[in-house]
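A look at the structure
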Amino acid sequence: MEQHSQTFLDNAHRALQDADRARRRDLLGRLVPAARTAAVEAFDHFEALRRHVRRVRQHALDNLDHYLTQFEREALHNGNHLHYATDDAALNSIVLDICQQHSARRIAKGKSMVTEETGLNSYLQRAGLDVMETDLGEYIIQQAGETPSHIVGPALHKSAAEIRELFLQKHDLGARELVATSDLVGEARQVLREHFLAAEVGIIGANALVAENGYCMLVTNEGNGDLCANLPSVLIVCTTVDRILPRAEDATAMLRLLVRSATGQAQTCYTSFYSGPRREADLDGPLETHIVLLDNKRSDLLASDYREMLQCIRCGACLNHCPIYTSVGGHAYGWVYPGPMGSVLTPLLTSLESSNALPNACTACGRCAQVCPADIPLPDLLRDLRHEEVQARLSPARWRRGMQVHAWLAGRPRLYHFLSGLGVAALALLGRRTGSFRRLPMAGGWTSQRDLPAPQGRTFMRQYRRRQRQRDAR
Amino acid sequence: MPVSDRAALFARVRHGCRGAPAADIEAQLRGLGRAPAAALPAADVATSFLVNVLKNQGSANAAEHRSGAVSAVSAYLYAHYRSQRLVAGNDPRLAAMPWRDAGVLPRFGAVAPGESVTLSFARLGVAEMGAVVIYTGRSNPAANNLLPERHIVLLDSSDLVSDMESAWERINADMEKLGRPRGVNFIAGPSSTADIEGQLVYGAHGPRGWHVILIGDNATDALQQARAIAGR
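Residues numbered from 1 in each chain as written. Chains lettered and ligands numbered in written order. Predicted model: local features only at pLDDT ≥ 70, side-chain atom pairs only at ≥ 80, totals over all residues. Heavy atoms only, no water.

Observations concerning the overall build of chain B
- Each helix and strand counted, chain B has 9 helices and 12 strands in total.
- Seen through its principal axes, chain B has C-alpha atoms that stretch 65 × 45 × 45 Å.
- Each of the 232 residues in chain B was classed as buried or not, and the buried ones make up 55%.
- Summarising the internal contacts of chain B: among those between residues at least 6 apart in sequence, 73% fall at separations of at least 24.
- In the form shown here, chain B has an accessible surface area of approximately 9,400 Å², with 51% of it arising from carbon and sulfur atoms.
- Across chain B, the centroid of the 23 positively charged side chains sits 6 Å from that of the 21 negatively charged ones. (Helix = DSSP H or I, 4+ residues; strand = E, 2+ residues; numbered from the N terminus. Buried < 20%, exposed > 50% of the residue type's maximum accessible area, 1.4 Å probe, protein only. Contact = heavy atoms within 4.5 Å. Areas by Shrake-Rupley, 256 points an atom, 1.4 Å probe, with all protein chains shown as cover. Lys, Arg positive; Asp, Glu negative; His and termini not counted. Charge placed at Lys NZ, Arg CZ, Asp CG, Glu CD.)

This is the structure we're talking about:
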């Protein structure tokens with residue numbers, strides 16, 4: 001997928017101008033976290049569950065060579081074809097080859113962030129294939145020619161009115177009323193059902209891969225992924241090695257975290273495990289199944305200090321709780337994965353040079369780490385990336401010099417207190433009459449949006465020490 | 001070349017791993033213990049299962065034995081379609097039921113375009129999720145779970161388990177005996193979507209209606225209690 005992460009600040013600025021979308025983002029930023037909190041509280045032992053799953057995933061990653069070998073053996077035994085793709089281009093060409101071998105024209109696709117990452121749709125379309133996204137949200141943005149704004153609800157940035165206009169324009173179904181949301185869903189169901197029944201190849205992602213039996217776990221509410229996995233005669237699962245878990249029960253333990261963290265549900269409607277092609281007496285199911293394992297730098301992450309990021313279960317909780325994400329939306333991040341998890345993943349899966357604005361899109365509030373079901377220390381990883389950014393001299397020279405001066409000063413507490421005391425006293429004197437500053441030198445960006453209240457004359461540390469002395473004297 | 005891509009990936013993965021012996025890995029995994037499950041909404045498994053079915057926006061009924069289940073199916077068909085037709089997989093348990101007594105007209109096989117209702121006999125019910133577990137195969141074509149407007153599922157109360165770990169114990173035992181089914185489907189509610197402005201709509205791609213009939217001695221009591229707890 002094309003990347004626009006480097007213009008994050010401009011993207012964000014533009015996003016903030018759209019009041020209607022900003023209002024919807026704000027609403028989702030309150031409703032979805034509330035639903036999650038309620039679901040987590042109803043669970044009773046959520047912390048213990050989070051600890052357990054983290055230990056299992058760490059164990060799986062520590063021994064990934066063992067579990068990958070086991071998964072490969074079992075998946076082959078189940079009758080699958082296995083493929084390995086080092087990068088985007090490799091995955092795309094493997095998938096196209098399979099489609100061409102079967103002279104396929106129509107592809108039904110379930111939601112898959114991995115194929116968003118590789119830009120599979122446009123690659124297959126350039127080769128003349130009719131690729132249709134079947135998750136309702138993905139379908140809407142595909143029709144609109146947009147990219148996902150959220151990894152769970154890809155079209156949540158659009159209003160129902162926009163979607164109504166889009167459907168009236170794109171679906172050749174004559175004059176009709178599309179009033180209620182259920183009318184829109186019903187129309188998409190009708191259009192997509194025809195495509196499902198005609199598609200020769202289904203493509204899905206996987207929420208987990210089970211090493212002990214070679215099954216792929218697929219979690220959806222709509223059932224669209226299951227239609228992709230069951231109706232066409234060829235099934236291709238596009239996924240990555242970090243989805244591998246030792247046992248089926250580990251996959252469903254992770255599912256408990258996933259559903260509650262993603263949508264605040266206690267349960268998704270369809271949780272399916274698929275092992276391979278149709279068995280002898282089966283009445284339906286694909287005749288041929290392929291699993292494509294994409295690496296795209298994940299094996300580098302495994303050997304790096306950012307390994308914990310491979311524990312991400314793609315629930316989107318960190319997005320829903322991030323003050324930056326809920327203000328500017330997913331498109332501002334300029335690639336597949338937005339929000340805190342995206343600000344870590346994007347530099348690691350693309351390059352820091354092309355996305356160093358993202359680790360800075362953080363207020364260090366720590367909410368993402370608090371709610372992350374995989375217990376990933378997202379603010380720490382973002383800070384490490386900012387550190388790398390400075391070391392690689394990617395941030396502006398003026399900024400770097402300023403930080404050097406600050407670091408030098410912060411390492412000398414006496415001098416720091418003396419100078420900040422001087423500054424505070426000077427500001428107090430200057431602001432005595434008006435009580436606040438409308439403009440300040442070197443802080444124009446800050447004061448352009450608000451006034452700085454004038455300090456009261458003494459720094460916090462001075463007041464604190466004086467009170468301590470007074471208390472000791474008493 | 002695919003072989004070299006595989007070799008490269010395995011080499012890189014190995015580089016990031018500890019290279020522990022398989023026996024140690026297995027022992028360590030066993031040492032991690034069992035994950036905590038969700039708290040059940042009632043004291044017994046049957047009631048908890050039905051509470052969660054209702055919370056998942058399913059509808060439910062109960063019968064003491066199989067002839068009662070046939071009547072319940074007939075009542076559901078009449079209420080929604082004023083008809084007695086449905087499609088069921090080639091499950092021997094379904095074939096053996098006294099359909100004629102209630103006038104129900106099942107066709108056995110995979111659902112075809114234009115057919116609105118299907119019937120499945122679940123292998124398991126999981127109380128924690130309010131889900132039924134169905135294996136795809138001759139007894140249950142996958143299309144029957146996914147394509148109809150309404151899906152009716154029968155479940156014996158002796159096939160209820162409390163949590164997903166217990167479900168896998170049973171499923172793994174089945175796999176040992178019968179081999180691995182192509183698909184193991186946990187179904188917990190009608191197909192739904194919230195992709196348009198976060199508004200929940202049922203019948204996104206799959207069934208709009210999901211009706212579970214629990215069969216067993218205690219099923220009717222459990223249903224009554226479940227309705228009181230779920231408030232539905």
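Notes on the overall build of chain A
- When helices and strands are tallied, chain A shows 22 helices and 12 strands.
- Seen through its C-alpha atoms, chain A measures out along the principal axes to roughly 90 × 60 × 45 Å.
- Partitioning the intrachain contacts of chain A with sequence separation of at least 6 by distance along the chain shows that 73% fall at a separation of at least 24.
- When the accessible surface of chain A is split by element, carbon and sulfur atoms take 52% of a total near 20,800 Å².
- Charged side chains of chain A number 56 positive and 52 negative; the gap between the two group centres comes to 16 Å.

Some details on the environment of Thr37 of chain A
- Relative to the helices and strands, Thr37 of chain A is located in helix H2 (residues 19–43).
- Sequence spacing of Thr37 of chain A and Ser261 of chain A is 224 residues, and the spatial spacing of their C-alpha atoms is 8.5 Å.

Points about the interface of chain B and chain A
- If you look at the interface, chain B gives 73 residues, while chain A gives 99 residues.
- A buried area of about 7,000 Å², summed over both sides, lies between chain B and chain A, and 58% of it is on carbon and sulfur atoms.
- At the junction of chain B and chain A, the tally comes to 6 salt bridges.
- When the shortest N-O distance is used, the salt bridge between Arg12 of chain B and Asp295 of chain A registers 2.7 Å.
- Where chain B touches chain A, the interface holds 41 residue pairs in polar contact (both at pLDDT 80 or more).
- Breaking the side of chain B that touches chain A down by element, the ones donating at least two residues are helix H1 (2–15), helix H2 (22–31), helix H7 (142–146), helix H8 (164–178), strand S9 (183–187) and strand S10 (192–193) of chain B. (Buried area = accessible area lost by both parts, 1.4 Å probe. Salt bridge = Lys/Arg side-chain N within 4 Å of Asp/Glu carboxyl O. Polar contact = N/O pair within 3.5 Å; in protein donor to acceptor, adjacent residues only side chain to side chain.)

Notes on a positive patch on the surface
- The grouping of Arg458, Arg462, Arg465, Arg466, Arg467 and Arg469 of chain A at the surface amounts to a positive patch.
- Locating Arg469 of chain A in the fold gives a position in helix H22 (residues 460–473). (Patch = residues over 30% accessible without salt bridge, like charges linked within 9 Å, V, L, I, M, F, W, Y side chains within 5 Å.)

Focus on the pattern of salt bridges
All names here are of chain A.
- Summed over the entire model, instances satisfying the criterion amount to 35 salt bridges over all chains.
- In this structure, the salt-bridge partner of Arg21 is Glu162, at a minimum N-O distance of 2.7 Å. Here Arg21 is found in helix H2, whereas its partner Glu162 is found in helix H9 (residues 160–170), with 141 residues between them in sequence.
- It is possible to trace a salt-bridge network through shared partners that takes in Asp18, Asp20, Arg21, Arg23, Arg24, Glu146, Lys158 and Glu162.

Notes on the environment of Thr263 of chain A
All names here are of chain A.
- Checked against the element boundaries, Thr263 lands in the loop between helix H12 (248–262) and strand S9 (270–274).
- Among the residues examined, Thr263 registers a relative accessible area of 33% and is labelled partly exposed.
- A C-alpha to C-alpha distance of 9.9 Å links Thr263 and Asn320, two positions 57 residues apart in sequence.
- The residues contacting Thr263, other than those within four sequence positions of it, are Ala35 and Val152.
- At 2.7 Å, the side chain of Thr263 and the side chain of Gln265 are in polar contact.

Topic: the sheet that holds strand S6 (residues 216–220) of chain A
- Pairing is mixed in the open sheet, where 8 strands are placed in the order S8(A)-S5(A)-S6(A)-S9(A)-S9(B)-S6(B)-S5(B)-S8(B). Strands with a single pairing partner mark the edges of an open sheet, and in this sheet they are strand S8 (244–245) of chain A together with strand S8 (160–161) of chain B.
- The sheet contact formed by S9 of chain A and S9 of chain B spans 5 bridges and is antiparallel. Residue Phe273 of chain A lies in a different strand from S9 of chain B, and its bridge partner there is Val184 of chain B. (Pairing = 2+ DSSP bridges.)

Re the packing of aromatic side chains
- All told, the structure shown has 10 aromatic pairs over all chains when counted by the stated rule.
- Among the aromatic side chains, those forming a connected cluster through ring pairs are Phe8, Tyr325 and Tyr333 of chain A.
- Here the guanidinium or amino end of Arg450 of chain A rests over the ring plane of Trp446 of chain A, the centre of that ring lying 4.1 Å away.
- The ring of Phe121 of chain B is capped by Arg93 of chain B, whose NZ or CZ atom sits 4.0 Å from the centre of that ring. (Phe/Tyr/Trp six-rings, centres within 6.5 Å; stacked < 30°, edge-to-face > 60°. Lys NZ or Arg CZ within 6 Å of the ring centre and 35° of its normal.)

Side note on the sheet that holds strand S2 (residues 106–109) of chain A
Residue and element names in this part refer to chain A.
- Within the open sheet, the 6 strands sit side by side as S1-S10-S7-S4-S2-S3. Their pairing is parallel. Each end of this open sheet is capped by a strand with a single partner; those strands are strand S1 (81–85) and strand S3 (130–133). Across the sheet, the mean angle from the axis of one strand to that of its neighbour is 20°, orientation sign disregarded.
- For strand S7 (residues 234–240) and strand S10 (residues 288–294), the ladder comprises 7 bridges, and the chain directions are parallel. When the bridges of S10 are listed, Leu235 appears paired with Thr289.
- In the packing of helix H4 (residues 64–77) onto the sheet, contacts are made with S1 and S10, and the angle to S1 comes to roughly 140°. (Axes fitted to C-alpha atoms, helices over the stretch in contact; angles between N-to-C directions.)

As for unusual backbone geometry
- Positive phi, normally seen in glycine, also occurs at Met442 of chain A, with a value near 70°.
- As for its position among the elements, Met442 of chain A is in the loop between strand S11 (436–437) and helix H21 (444–447).
- Even without being glycine, Glu197 of chain B reaches a positive phi, approximately 50°.
- Take Glu197 of chain B: it is sitting in the loop between S10 and strand S11 (201–202).
- With a relative accessible area of 30%, Glu197 of chain B lands in the partly exposed category.

Regarding H12 of chain A
- Taking 1.5 Å per residue as the helical rise, H12 of chain A with its 15 residues ought to reach 21 Å, and the 21 Å between its terminal C-alpha atoms agrees with that figure.
- Where burial is concerned, most of H12 of chain A is hidden: 14 out of the 15 residues are buried. (Expected span 1.5 Å × (residues − 1).)

Details of the domain arrangement of chain A
- For chain A, the domain assignment lists domain 1 (1–38 + 316–395), domain 2 (45–300) and domain 3 (399–473).
- Each of domain 1 of chain A and domain 3 of chain A has a C-alpha centre, and these two points are 30 Å apart. (Domains from an automatic or database assignment.)

Concerning the pairing of S9 of chain B
Residue and element names in this part refer to chain B.
- Most of S9 sits out of view: 5 of its 5 residues are buried.
- Here strand S6 (residues 131–135) runs beside S9; their pairing, made up of 4 bridges, is antiparallel. If you follow Val132 over to S9, its bridge partner there is Ile187.

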